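Overview (structure and organization)
Letter by letter, the chains look like this.
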Amino acid sequence: MENHTDKNKKAKEEVAVEQKIKRRNFISFSTFFVLGGAAFGGWKWLYNSPEETAGITAGARKPLRRALNKTELFFRKFYSNNHHVKTYPKAMAAKKVRVNSDIGMDDEGFKPENWTLSVVKSKGDVLKITMDEIKALPKTELIFSFKCVEGWDQIQHWAGVKFSDFIDHFKLNEHAKMDYIGMETPNGEYYVGLESESALHPQTLLAYEMNDQPIAIEHGAPLRLIIPVKYGIKNLKRIGTISFSNKRPKDYWAEQGYDYYSGL
Ligand SMILES: Nc1nc2c(c(=O)[nH]1)N[C@H]1C(S)=C(S)[C@@H](COP(=O)(O)O)O[C@H]1N2
Ligand SMILES: [Mo]
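A short tour of the structure in this document, coming up. (Residues numbered from 1 in each chain as written. Chains lettered and ligands numbered in written order. Predicted model: local features only at pLDDT ≥ 70, side-chain atom pairs only at ≥ 80, totals over all residues. Heavy atoms only, no water.)

Topic: the overall build of the protein chain
The following threshold applies: Numbering of helices and strands starts at the N terminus; helices are DSSP runs of H or I of at least 4 residues and strands are runs of E of at least 2. When we talk radius of gyration, it's over C-alpha atoms, and the globule rule is simply 2.2 Å times the number of residues to the 0.38. Throughout, exposure labels follow a simple rule: accessible area from a 1.4 Å probe, protein chains only, divided by the maximum for the residue type, with under 20% read as buried, over 50% as exposed, and the rest as partly exposed.
The secondary structure content of the protein chain amounts to seven helices and 10 strands. Taken against the 2.2 N^0.38 rule, which gives 18 Å for 264 residues, the C-alpha radius of gyration of the protein chain at 29 Å runs more than 25% over that of a compact globule. Over its C-alpha atoms, taken along the principal directions, the protein chain stretches across nearly 110 × 45 × 35 Å. Buried positions account for 38% of the 264 residues belonging to the protein chain.

Examining the environment of glycine 240
Counted only if it meets this: In what follows, a contact means two residues having at least one pair of non-hydrogen atoms within 4.5 Å.
Structurally, glycine 240 is set in the loop between strand 9 (224–226) and strand 10 (241–245). Along the backbone, glycine 240 and serine 118 are 122 residues apart, and their C-alpha atoms lie at a distance of 6.2 Å. In contact with glycine 240, other than residues within four places in its own chain, are Trp115, Thr116, Leu117, Ser118, Glu184, Thr185 and Pro186.

Thoughts on the sheet that holds strand 6 (residues 191–195)
Keep this limit in mind: A pair of strands counts as paired when DSSP detects no fewer than two bridges linking them. Here an angle of 0 to 180 degrees is reported between the N-to-C directions of two axes, which are lines fitted to C-alpha atoms, with helices fitted over the stretch in contact.
Ordered by their spatial adjacency, five strands build an open sheet running 2-1-10-5-6, and the pairing between neighbours is mixed. Lying at the two open borders of the sheet, with one neighbouring strand each, are strand 2 (125–129) and strand 6. Taking each pair of neighbouring strands and ignoring which way they run, the sheet shows an average axis angle of 20°.

Focus: unusual backbone geometry
Residue alanine 221 is joined to proline 222 through a cis peptide bond whose omega torsion reads 0°. Mapping proline 222 onto the fold places it in the loop between strand 8 (213–214) and strand 9. The phi dihedral of lysine 171 falls on the positive side, at around 55°, and the residue is not glycine. Within the element layout of this structure, lysine 171 appears in the loop between helix 4 (163–169) and helix 5 (173–176). Its identity is not glycine, yet serine 262 carries a phi of approximately 45°, on the positive side. Position of serine 262 relative to the elements: it lies in the segment after helix 7 (252–255). A relative accessible area of 5% places serine 262 in the buried class.

Brief notes about the side chain of lysine 234
Rules: Each polar contact in these results corresponds to two N or O atoms within 3.5 Å; when the atoms are within protein, one needs to be able to donate a hydrogen and the other to accept it, and residues that are neighboring in sequence are counted only if both atoms are side-chain atoms.
Relative to the helices and strands, lysine 234 is located in the loop between strand 9 and strand 10. Judged by its relative accessible area of 1%, lysine 234 falls in the buried class. Engagement of the side chain of lysine 234 in a polar contact is seen with the backbone oxygen of tyrosine 260, the distance being 2.5 Å. When neighbours within four sequence positions are excluded, lysine 234 is seen to be in contact with Val192, Gly193, Leu194, Leu225, Ile227, Asp251, Tyr260, Tyr261 and Ser262.

A few points about the nonpolar core
To keep it simple, the criterion reads: For this analysis, a nonpolar core means a set of buried residues of the types Ala, Val, Leu, Ile, Met, Phe, Trp, Tyr and Cys, connected via side-chain atoms within 4.5 Å.
Grouped together as the largest cluster of nonpolar side chains are 47 residues, with contacts concentrated most on Leu117, Phe166, Met183 and Ile242. A total of five residues in this core trace back to one element, the largest contributor, which is strand 7 (residues 205–210). In this structure leucine 117 touches Leu127, Lys128, Ile129, Ile134, Phe166, Leu223, Ile239, Gly240, Thr241 and Ile242, once residues within four positions along its chain are discounted.

Digging into the pairing of strand 4 (residues 153–162)
The buried fraction of strand 4 amounts to eight of the 10 residues, a majority that puts the element mostly inside the structure. Where strand 3 (residues 140–147) lies against strand 4, eight bridges are found, and the strand directions are antiparallel. Paired with isoleucine 143 across the bridge in strand 4 is histidine 157. Following strand 3, the chain reverses through five residues before pairing antiparallel with strand 4; glycine 151 in that reversal takes a positive phi of roughly 110°. The pairing of strand 4 with strand 7 spans five bridges and is antiparallel. Across the sheet, residue glycine 160 finds its bridge partner in strand 7, namely alanine 207.

Some details on the pairing of strand 6
With five of its five residues buried, strand 6 lies for the most part within the structure. Side chains Tyr191, Gly193 and Glu195 project from strand 6 onto one buried face, and the interleaved Val192 and Leu194 project onto a second face that is buried too. As defined by bridge partners, strand 5 (residues 180–184) adjoins strand 6 across five bridges and the pair is classed as antiparallel. Each bridged residue has a counterpart across the sheet, and for glutamate 184 the counterpart in strand 6 is tyrosine 191.

Right, here's the structure in full:
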């Protein structure tokens with residue numbers, strides 16, 4: 001008798017467990033299909049959404065570009081100009097500095113000693129600045145880890161004038177209140193656009209020395225940009241022209257689909 005009730009109880013329990021398993025299976029499969037469907041739908045939506053028109057930036061689906069721009073704004077606020085990049089002792093700087101690429105630097109006749117910098121204050125009002133004027137400003141040194149998007153980095157030692165000191169000295173503060181700064185090689189073949197905050201970052205330099213020597217031709221003589229809050233692509237060698245704008249200036253690699261911000 002006792003045995004019989006026990007068996008009955010066991011059978012009932014087994015049925016309950018089976019029902020439980022069935023219910024759980026049902027829940028997990030439905031969840032799988034609903035979430036899977038949503039993910040597939042989202043992917044198809046993104047896949048079918050229009051690509052942005054190539055211009056200042058290129059190569060992204062419109063919704064993705066919107067997300068990228070939002071992320072950019074977030075990080076721009078987050079990495080304010082109070083945030084300094086890490087610096088290193090001079091002894092750690094590379095003696096043999098890597099040369100990467102030389103777009104816009106192949107003019108046969110280019111002579112650093114004949115160079116002047118053009119600052120476009122407005123259309124038809126261009127300020128010409130010589131190397132001597134730039135060297136007369138306070139010199140700032142920076143030893144930091146230079147990073148190229150192609151996957152290498154190197155501790156390098158640069159010196160020049162802080163971009164913000166340069167702006168102060170040449171009374172360009174009103175111009176620098178615009179949202180963006182554009183820089184180009186003298187022949188206009190390589191060009192970068194920067195948000196003014198990054199250009200005015202206290203570690204951004206218009207550099208004319210590397211390892212205590214004038215910058216070599218292949219590294220951007222006589223004057224190049226060193227902007228440690230950005231990847232190498234933004235560190236324009238052989239600056240010819242600087243301009244100001246509230247619209248994004250054209251940017252060589254952004255046109256090829258790289259992130260316009262290219263921040264670190
Ligand atoms: N004018 C010009 N500037 C340039 C480039 C270029 O091709 N042309 N390449 C950029 C890239 S991708 C990198 S990584 C750095 C490399 O600087 P380096 O050759 O002094 O190492 O310069 C940047 N500035
Ligand atoms: Mo690079």
